[in-house]
Amino acid sequence: KAGVTQTPRYLIKTRGQQVTLSCSPISGHRSVSWYQQTPGQGLQFLFEYFSETQRNKGNFPGRFSGRQFSNSRSEMNVSTLELGDSALYLCASSTGQGGSGANVLTFGAGSRLTVL
Amino acid sequence: AQKVTQAQTEISVVEKEDVTLDCVYETRDTTYYLFWYKQPPSGELVFLIRRNSFDEQNEISGRYSWNFQKSTSSFNFTITASQVVDSAVYFCALSEGSNDYKLSFGAGTTVTVRA
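Residues numbered from 1 in each chain as written. Chains lettered and ligands numbered in written order. Predicted model: local features only at pLDDT ≥ 70, side-chain atom pairs only at ≥ 80, totals over all residues. Heavy atoms only, no water.

### Observations regarding the overall build of chain B
For chain B, the count of helices and strands is zero helices and 12 strands. The order of α-helices and β-strands along chain B, N terminus first, is β-β-β-β-β-β-β-β-β-β-β-β. With the C-alpha coordinates aligned to their principal axes, the bounding extent of chain B is approximately 45 × 30 × 20 Å. For chain B, with 115 residues in total, the buried portion stands at 46%. Long-range pairs, those at least 24 residues apart, make up 56% of the contacts in chain B between residues at least 6 apart in sequence. (Helix = DSSP H or I, 4+ residues; strand = E, 2+ residues; numbered from the N terminus. Buried < 20%, exposed > 50% of the residue type's maximum accessible area, 1.4 Å probe, protein only. Contact = heavy atoms within 4.5 Å.)

Right, here's the structure in full:
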């Protein structure tokens, strides 16, 4: 069974640019969550999608957005990049049913974004 | 306010020693889940164990064991007879009933196992 796939694995952007990251969940998983990991702030929840609907959102500015497609694949976009957006962006998938915590999140290897 | 606190930043042990990682959490929900994840250098978070708030029974799974105490809001994790492959960053996380599918992570504890 294939795991959670994130692309690209590494990317370098400059301030002001925008970036799109992709996440393909485990087959059959309908929930996709995104997390940002930085040395200073640690792991922080960005948002979660289920059946193409955003169900929960973390405390991030509107420059961070996401979407989910009918095949459960998800993308997140960061516009007008800032130096502080440099981070490892992790995607996780689960079945998405059964209530909070009932499903274990399976994480991908992440997309490491460097903003210069 | 920090919901999950991992007071230990780094732990270094010699192979075959036991390692205990501390985790203290804070929540007002009566229904919640606690997790431990491992992050090796490759980057992905690997699920280790999960416990719900209604089950305080402590268990052992292979070389892993955990001690969940609601009275002290602690969820400690022990690796018995550590191996070099256990070297990683370990995260404790909390999922609360009022915030579906959102995990609050601790800052992580870096474990280094020396041969």
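### With respect to the overall build of chain A
Check the secondary structure of chain A and you find zero helices and 11 strands. Listing every helix and strand of chain A by position from the N terminus yields β-β-β-β-β-β-β-β-β-β-β. With the C-alpha coordinates of chain A rotated into their principal frame, the extents come out at 40 × 25 × 25 Å. When each of the 116 residues of chain A is scored for burial, the buried share is 51%. Taking as baseline every contact in chain A between residues at least 6 positions apart, the subset at least 24 positions apart corresponds to 55%. With an accessible surface of roughly 5200 Å², chain A has 47% of that area assigned to carbon and sulfur atoms. Computed over 11 positive and 5 negative side-chain charges, the separation of the two mean positions in chain A equals 5 Å. (Areas by Shrake-Rupley, 256 points an atom, 1.4 Å probe, with all protein chains shown as cover. Lys, Arg positive; Asp, Glu negative; His and termini not counted. Charge placed at Lys NZ, Arg CZ, Asp CG, Glu CD.)

### As for the sheet that holds strand E3 (residues 19–24) of chain A
Pairing between sheet strands relies on hydrogen bonds along the backbone, with the strands arranged either parallel or antiparallel. Residues and elements named next belong to chain A. Strand order across the open sheet formed by four strands is E1-E3-E8-E7, with antiparallel pairing between neighbours. Strands with a single pairing partner mark the edges of an open sheet, and in this sheet they are strand E1 (5–7) and strand E7 (64–68). Put simply, the sheet's adjacent strands are angled 15° from each other on average, direction ignored. (Pairing = 2+ DSSP bridges. Axes fitted to C-alpha atoms, helices over the stretch in contact; angles between N-to-C directions.)

### Some remarks on the nonpolar core
Ranked by internal contacts, the top residues of the largest apolar core, which has 24 residues, are B:Leu21, B:Trp36, B:Phe75, B:Phe77 and B:Tyr90. Those elements giving two or more residues to this core turn out to be strand E2 (10–14), strand E3 (19–21), strand E5 (32–39), strand E6 (46–52), strand E8 (64–69), strand E9 (74–79), strand E10 (88–96) and strand E12 (109–114) of chain B. Residue contributions to this core peak at four residues, all from E10(B). In contact with B:Phe77, not counting residues within four places along its chain, are B:Val19, B:Thr20, B:Leu21, B:Trp36, B:Leu48, B:Ile49, B:Tyr64, B:Ser65, B:Trp66 and B:Tyr90. In terms of nonpolar packing, the next biggest core, distinct from the first, is built from 21 residues, A:Ile26, A:Met76, A:Ala87 and A:Tyr89 among them. (Core = buried A, V, L, I, M, F, W, Y, C linked by side-chain atoms within 4.5 Å.)

### Notes on the interface of chain A and chain B
With 24 residues of chain A at the interface, the matching set in chain B holds 20 residues. For the pair chain A and chain B, the summed buried surface comes to about 1800 Å²; carbon and sulfur atoms form 56% of the total. On inspection of chain A and its partner chain B, the count reaches zero salt bridges. Between the two partners, chain A and chain B, sit three residue pairs in polar contact (both at pLDDT 80 or more). Put simply, the parts of the chain that give the side of chain A that touches chain B at least two residues each are strand E4 (31–38), strand E5 (42–50), strand E6 (53–57) and strand E9 (87–94) of chain A. (Buried area = accessible area lost by both parts, 1.4 Å probe. Salt bridge = Lys/Arg side-chain N within 4 Å of Asp/Glu carboxyl O. Polar contact = N/O pair within 3.5 Å; in protein donor to acceptor, adjacent residues only side chain to side chain.)

### Considering the state of the cysteines
In this structure the tally under the stated criterion is two disulfides over all chains. Here A:Cys23 pairs with A:Cys91 through a disulfide, and the sulfurs are 1.7 Å apart. When the S-S torsion is -55°, as for the bridge of A:Cys23 with A:Cys91, the disulfide is left-handed. Linking A:Cys23 in strand E3 with A:Cys91 in strand E9, this pair joins segments that are 68 residues apart in sequence. Both residues of the pair, A:Cys23 and A:Cys91, belong to the buried class. Between B:Cys23 and B:Cys92 runs a disulfide, and the two sulfur atoms are separated by 2.0 Å. Disulfide B:Cys23-B:Cys92: the torsion about the S-S bond is -65°, which places it as left-handed. Of this pair, B:Cys23 sits in the loop between E3 and strand E4 (24–25) while B:Cys92 sits in strand E10, placing them 69 residues apart in sequence. (Disulfide = S-S within 2.5 Å.)

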